[in-house]
Amino acid sequence: MMYILVILRRIIIFFILTLLTQIGGVVYLLNIFLYKYYSKASSCFKQFTFKLLGFVTLYFLISIFIVPHAAKQFGRVSLPIFAGDHIKPLNIITCLLNRHYVNATLKASLNDVAKQINMQYPNTVINYLDANFPFMDGFPLFPHLSHNDGKKLDISFHYLDAGTKQSTNDCPSFFGYGICEEPTGREENTSGICAGSGYWQYSFIRSITPQGNKHNFIFDGKKTKFTVNAFCENAKISKVFIEPHLKKRLKLMDNKVRFHGCQAVRHDDHIHVEVN
Ligand SMILES: [Zn+2]
């Protein structure tokens, strides 16, 4: 019975790590082969600590030295981890979980757009959110089911600091999602319509995200509009998703700007871009 429980626990951990990081499950299995060395530790606590440290060390060694090279075989490249060329992850955890891979076409488009934005708005950083995993088409980046081919990327809106009214490269949500530029009473309330149609997931992230930092930021509609239009003007970009009320408010006319549908999640906290 004990043996079955151990196997069951390992299967659950394998699936959770694979779901979150793609390679985490495989690293977990590799680490199990080293358990015989950890079992020499004198106490259960020490054994657990060694197992955890073993996993973390293996995970980062593989993520840093093997994954970026292997990903190239799948046509994927890593986005910048630090703020080079005006592009960076909003939260470094995106990179630690290997969720920052795109194909070369999308990376080139992102670089072009970042340069274009900085000609108009110097020192602007594009904060990227979830991109794709490094390997295999069709392997979804949970919870974004469409981010499964290296062709999709989420980026943050631009904001002003509410205190100084100056442009800032920070964002209200620490992970980029869940703090929304919501519709006013006069605007189309897509999230309300989707929720009313039974799509409970549409605003789920909004409902679990702390909103305490929202009042420290003002949505920079002008710069966000410039960014969306810069993506639309890029020949390789095929679609841009943003919530319908923001499309209307910002007067985004390009037909690449689309509504993603109620089966997705709301896009008044970030922009989704993709290439063909
Ligand atoms: Zn997306």
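Keep in mind the model is a prediction, meaning the values are calculated, not measured.

> Describe the packing of aromatic side chains, naming the residues involved and giving the relevant values.
One pass over the full model with this rule turns up twelve aromatic pairs. Residues Y159 and F219 carry aromatic rings whose centres are separated by 6.5 Å and whose planes lie at 70° to one another, so their mutual orientation is edge-to-face. Remark: F219 occurs in strand β8 (residues 217-219) and Y159 occurs in strand β6 (residues 159-161); sequence separation between them is 60 residues. Linked through ring pairs, F157, Y159, F217 and F219 together constitute an aromatic cluster.

> A description of the coordination of the zinc ion should follow, citing residues and the corresponding values.
Bound to the zinc ion on the protein side are H147 (NE2), D154 (OD) and H272 (ND1), at distances that span 2.0 to 2.2 Å. Sequence spacing of the donor residues for the zinc ion, all on one chain, is H-x6-D-x117-H. Across the pair, exposure class does not vary: H147 and D154 are buried alike.

> Lay out the environment of F174 in plain terms, naming residues and giving numbers.
Looking at the element boundaries, F174 is found in the loop between β7 (167-168) and α8 (190-196). Residues F174 and F231, 57 residues apart in the sequence, show an inter-C-alpha distance of 24 Å. Beyond its immediate stretch of four places on either side in the chain, F174 contacts L90 and N91.

> So what about the nonpolar core? Which residues, and what values?
In a soluble, globular protein the nonpolar side chains are often hidden away together inside. Counting 36 residues, the largest nonpolar core has L153, V228, F231, V240, I242, I271 and V273 as its most contacted members. Every element with two or more residues in this core is listed here: α7 (104-120), β4 (126-128), β5 (152-156), β8, α10 (221-233), β9 (237-241) and β11 (270-275). Element by element, the count of residues in this core is highest for α7, at five residues. Excluding residues within four positions of it along the chain, F231 makes contact with L110, V113, I155, I237, V240 and V273.

> I'd like to hear about the pairing of β11, residue by residue, with values.
Look at any regular strand and the pattern is simple: side chains alternate between the two faces of the sheet. Across the six residues that make up β11, a large majority, six, are buried. Of the two faces of β11, the one lined by H270, H272 and E274 and the one lined by I271, V273 and V275 are each fully buried. Here β5 pairs with β11 via five bridges, running antiparallel. The partner of L153 across the bridge, within β11, is V273. Pairing of β9 with β11 involves four bridges; the strand directions are antiparallel. Looking at β11, one finds that V240 is bridged to V273.

> Requested: an account of the layout of surface pockets, with residues and values cited.
One number sums up the size of the largest pocket: a volume of about 910 Å³. Forming the boundary of the largest pocket are 34 residues, of which D130, F142, P143, H144 and I205 lie nearest the centre. Those elements giving two or more residues to the lining of the largest pocket turn out to be α6 (93-96), β5, α9 (204-208) and β11. Looking at the second largest pocket, its volume works out to about 300 Å³. Together, R9, R10, I13, L17, Y28, N31, Y35, F48, K51, L52 and F55 line the second largest pocket.

Criteria and cut-off values
Residues numbered from 1 in each chain as written. Predicted model: local features only at pLDDT ≥ 70, side-chain atom pairs only at ≥ 80, totals over all residues. Heavy atoms only, no water. Phe/Tyr/Trp six-rings, centres within 6.5 Å; stacked < 30°, edge-to-face > 60°. Helix = DSSP H or I, 4+ residues; strand = E, 2+ residues; numbered from the N terminus. Donors = N, O, S within 2.8 Å, 3.2 Å for Na, K, Ca; no water. Buried < 20%, exposed > 50% of the residue type's maximum accessible area, 1.4 Å probe, protein only. Contact = heavy atoms within 4.5 Å. Core = buried A, V, L, I, M, F, W, Y, C linked by side-chain atoms within 4.5 Å. Pairing = 2+ DSSP bridges. 1 Å grid on protein atoms, 1.4 Å probe; cavity = no way out; pocket = protein on both sides within 12 Å on 5 of 7 lines; lining within 4 Å. Points joined across faces, edges and corners; volume = space filled by probe spheres on them.

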